[in-house]
Amino acid sequence: GRNDVAFCCFKASMKQFKELKESEIQKVIDFLLEIDLRVLLFSGEVGTGKTTLIRDLVRQMGSFSDVSSPTFSLLNEYQTEDGMIYHSDWYRVKSVEELYDAGIMEYFNLPGLFIIEWPEVGLPYIPKPHVHVKINHGMGVRSYEISQIN
């Protein structure tokens, strides 16, 4: 009915992990492994542990690839028994046109999981649903807010 429009962009905050020590990061990974992930975004300042979290997640999804941030190549691919994981880093990207020109946006059409660090530049163009992990860090602890954007 008429009210459908109001709910088109409803953002459901799913889960918060407050003030985890580095040794407790597995709680976040366990939570993410429970979700049916297609597109997974990571935001947080430099040094908040985005790549470390992604590396641990990718390993636990069954990839033996060497995980690193594709800041210059824009895209890394990791093979798992369940399919491909694509890992993109948009830290240096100035406009969404760069992503289209480089063919990065095509990866949303492929089966598998697409992980993006620093997604802000292309956020309006990222298909929904997706899961957004925002990381904040303080004195030796990190907090994680995980939202499903429908």
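Structure: see above.
First, a word on scope: everything that follows refers to the structure included in this document.

Here is what the cut-offs are and how they apply
Residues numbered from 1 in each chain as written. Predicted model: local features only at pLDDT ≥ 70, side-chain atom pairs only at ≥ 80, totals over all residues. Heavy atoms only, no water. Buried < 20%, exposed > 50% of the residue type's maximum accessible area, 1.4 Å probe, protein only. Helix = DSSP H or I, 4+ residues; strand = E, 2+ residues; numbered from the N terminus. Arc of directions from axis to C-beta. Axes fitted to C-alpha atoms, helices over the stretch in contact; angles between N-to-C directions. Parallel < 35°, antiparallel > 145°, perpendicular 65-115°, else oblique. Left-handed = near helix turned anticlockwise from the far one by under 90°. Contact = heavy atoms within 4.5 Å. Nonpolar A, V, L, I, M, F, W, Y, C, P; charged D, E, K, R; others polar. Phe/Tyr/Trp six-rings, centres within 6.5 Å; stacked < 30°, edge-to-face > 60°. Salt bridge = Lys/Arg side-chain N within 4 Å of Asp/Glu carboxyl O. Polar contact = N/O pair within 3.5 Å; in protein donor to acceptor, adjacent residues only side chain to side chain.

1. Some points on helix α1 (residues 26–34)
Taken together, the buried positions of α1 are Val28, Ile29, Phe31 and Leu32. Looking straight down α1, one finds that the buried residues subtend no more than 160 degrees of arc, so they occupy a single side.

2. What to know about the packing of α1 against helix α2 (residues 50–60)
Viewed as axis vectors pointing N to C, α1 and α2 meet at an angle of 50 degrees, and their least axial separation amounts to 10 Å. Accordingly, the angle class assigned to the pair α1 and α2 is oblique. Crossing of α1 against α2: the hand is right-handed. Contacts from Gln26, Val28, Ile29, Asp30, Leu32 and Leu33 of α1 reach α2 at Leu53, Asp56, Leu57 and Gln60. Here the residues of the contact of α1 with α2 sort into six nonpolar, two polar and two charged.

3. As for the packing of aromatic side chains
Scanning the model with the defined rule gives six aromatic pairs in all. Taken together, a centroid distance of 4.7 Å and an interplanar angle of 50 degrees make the contact between Phe108 and Phe114 tilted. You'll find Phe108 and Phe114 in the same group, each marked buried. An aromatic cluster of at least three residues, connected via ring pairs, comprises Tyr86, Tyr107, Phe108 and Phe114.

4. Topic: the pattern of salt bridges
A complete count under the given rule lists two salt bridges for this structure. Glu24 serves as the salt-bridge partner of Lys27, at 3.5 Å between the closest nitrogen and oxygen. Take Lys27: its relative accessible area is 43%, and that puts it in the partly exposed class. Relative accessible area serves as the criterion here: at 23%, Glu24 is assigned to the partly exposed category.

5. Observations concerning unusual backbone geometry
Geometrically, the link from Lys128 to Pro129 is a cis peptide bond, its omega value of 0 degrees lying close to zero. Within the secondary structure, Pro129 sits in the loop between β5 (113–117) and β6 (130–137). Positive phi, close to 70 degrees, is recorded for Leu74, a residue that is not glycine. For Leu74, the location among the structural elements is in the loop between α2 and β3 (75–80). Relative accessible area serves as the criterion here: at 15%, Leu74 is assigned to the buried category.

6. Quick word on the side chain of Ser63
Along the polypeptide, Ser63 turns up in the loop between α2 and β3. A polar contact is formed between the side chain of Ser63 and the side chain of Ser65, at a distance of 3.1 Å. In this view, Ser63 contacts Val58, Tyr78, Gln79 and Thr80; residues no more than four positions away in its chain are not counted.

7. Considerations on the environment of Ser88
As for its placement among the helices and strands, Ser88 is situated in strand β4 (residues 83–89). When its relative accessible area of 0% is taken as the criterion, Ser88 is described as buried. Distance in space between the C-alpha atoms of Ser88 and Leu75 is 4.5 Å, their sequence separation being 13 residues. Sequence-distant contacts of Ser88, that is, excluding residues within four places in its chain, are made with Pro70, Leu74, Leu75, Ile104, Phe114, Ile115, Ile116 and Glu117. A distance of 2.6 Å separates the side chain of Ser88 from the backbone oxygen of Leu74, its partner in a polar contact.

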